[in-house]
Amino acid sequence: MTTTRPIIIDTDPGIDDAVALAIALFSEKLDVRLITTVGGNVGLDKVTINALRLLKFFNKNVPVALGADRPLIKEPIDASDIHGSTGMDGFDFEEPTEDLVLKENAVNAMYRVIMDSKEPITLVPIGPLTNIALLLKMYPEVKENIAEIVLMGGSTGRGNAGVMAEFNIYADPEAAKIVFQSNLPLVMVGLDVGLKALVYPEDSEQLKVMNQTGNMIYQLFQKYRGGSMKTGLKMYDATAIAYLLKPEMFQVVDTFVDVELNGSMTTGCTVVDLKGYLGKPNNAKVCVDIDPQMFKQWFMDSLKKCN
């Protein structure tokens, strides 16, 4: 057995996705076997270019596979108002080549990597869950070699894309329902902890002079609208990586989670049954709180390991 944990990151970069990828790619405890892209924060072509730009910037050779460019059923949405028109406005990246792009699509690439692995793979989706749902429906046999799914998405209460819906789930609620009904070990790292996983101005100033990755992230932060530079920027996607590497910073409960599909005002709501009203068996570990100071220390220490 290796000492690193093999993972596949499914992502829609995204400024906070860029931070999550930086920490994961430079962690000595994680082995990123594959990056798959999904339309979300911006369109599929843009998020894929962003993933390739980041890999070139980090000088990392991880294969990239393109996934779904739209949700299973509903019309696409995006979050360009938060991340800018490119998804990563604010830094002048070198244009990447497409050498790392696989000819196979994300679902087939995930299938191959999972089935070829000698040890179970952890899936880490930090965007809409379209690719993961398609994988589980098309190739249910992959479940035998998936250790768990650690996803950034959902909320125990209010939303940030709808009244009760978090963006990643709201973007493709049908896909999210499939994932939550998969009977796989599942960890939901949602809005509740993301709202407390903050990077403050003094932290950003440290990042600026830390290393070239820190400076790149600092520049992106100038354009990021997930919070503000004054009140703290919300590091949603990095919390999923934090759970993999330092789970003790979270308060976690085992509970039943389902996804509302038909509510006229609540579509995309993750119904987290914390009090057992529905009488259903638990299907997820849900992060309900985080130690903000522990997160901030971990966050800064992790980025110091980057180039």
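Provided above is the structure to which this section pertains.
Residues numbered from 1 in each chain as written. Predicted model: local features only at pLDDT ≥ 70, side-chain atom pairs only at ≥ 80, totals over all residues. Heavy atoms only, no water.

K.L.:
How should I be thinking about helix α1 (residues 15–26) in this particular structure?
P.N.:
Because the α-helix completes a turn every 3.6 residues, residues three or four places apart line up on one side. The end-to-end C-alpha separation of α1 is 17 Å, in line with the 16 Å expected for 12 residues at 1.5 Å each. Among the residues of α1, those classed as buried are I15, D16, D17, A18, V19, A20, L21, A22, I23, A24, L25 and F26. (Helix = DSSP H or I, 4+ residues; strand = E, 2+ residues; numbered from the N terminus. Expected span 1.5 Å × (residues − 1). Buried < 20%, exposed > 50% of the residue type's maximum accessible area, 1.4 Å probe, protein only.)

K.L.:
I keep staring at the packing of aromatic side chains and nothing clicks. Help me out?
P.N.:
Two aromatic rings, taken as a pair, are described by how far apart their centres are and by the angle between their planes. Evaluation of the coordinates by the stated rule reveals 10 aromatic pairs. With 4.7 Å between their ring centres and 65° between their planes, F91 and F93 make a pair best called edge-to-face. The partly exposed category is assigned to F91, whose relative accessible area is 23%. Note on F93: relative accessible area 8%, which makes it buried. Note on Y243 and F250: the rings are 5.8 Å apart at their centroids and 55° apart in plane angle, and the pair reads as tilted. One exposure class covers both Y243 and F250, and it is buried. Pairwise contacts between aromatic rings join F26, F57, F58, F91 and F93 into one cluster. Between the NZ or CZ atom of K74 and the centre of the ring of Y170, over which it lies, the distance is 3.7 Å. (Phe/Tyr/Trp six-rings, centres within 6.5 Å; stacked < 30°, edge-to-face > 60°. Lys NZ or Arg CZ within 6 Å of the ring centre and 35° of its normal.)

K.L.:
Is there a simple way to think about the packing of α1 against helix α12 (residues 292–304) in this case?
P.N.:
The geometry of a pair of packed helices is captured by two quantities: the angle between their axes and the separation between those axes. For the pair α1 and α12, the least separation of the axes is 9 Å and the interaxial angle reads 65°. Note that α1 runs across α12; the crossing there is left-handed. Along its contact with α1, which presents V19, A22 and I23, the element α12 presents W298, F299, S302 and L303. Looking at the contact of α1 with α12 residue by residue, the classes come out as 6 nonpolar, 1 polar and no charged. (Axes fitted to C-alpha atoms, helices over the stretch in contact; angles between N-to-C directions. Left-handed = near helix turned anticlockwise from the far one by under 90°. Contact = heavy atoms within 4.5 Å. Nonpolar A, V, L, I, M, F, W, Y, C, P; charged D, E, K, R; others polar.)

K.L.:
What's the story with the side chain of T48 in this structure? I'm lost.
P.N.:
One can find T48 in helix α2 (residues 44–58). On the basis of relative accessibility, which here comes to 6%, the residue T48 falls in the buried class. When sequence neighbours within four positions are dropped, the list of residues in contact with T48 reads T37, V64 and L66.

K.L.:
I would appreciate a short explanation of the pattern of salt bridges in the present structure.
P.N.:
Following the criterion strictly, the structure yields 13 salt bridges and no others. The residue K296 makes a salt bridge to D203 at a minimum N-O spacing of 3.6 Å. Of this pair, K296 sits in helix α12 while D203 sits in helix α9 (residues 201–208), and the two are 93 residues apart along the sequence. A salt bridge links E248 to K246; its shortest N-O distance comes to 3.4 Å. With relative accessibility at 26%, the residue K246 sits in the partly exposed group. (Salt bridge = Lys/Arg side-chain N within 4 Å of Asp/Glu carboxyl O.)

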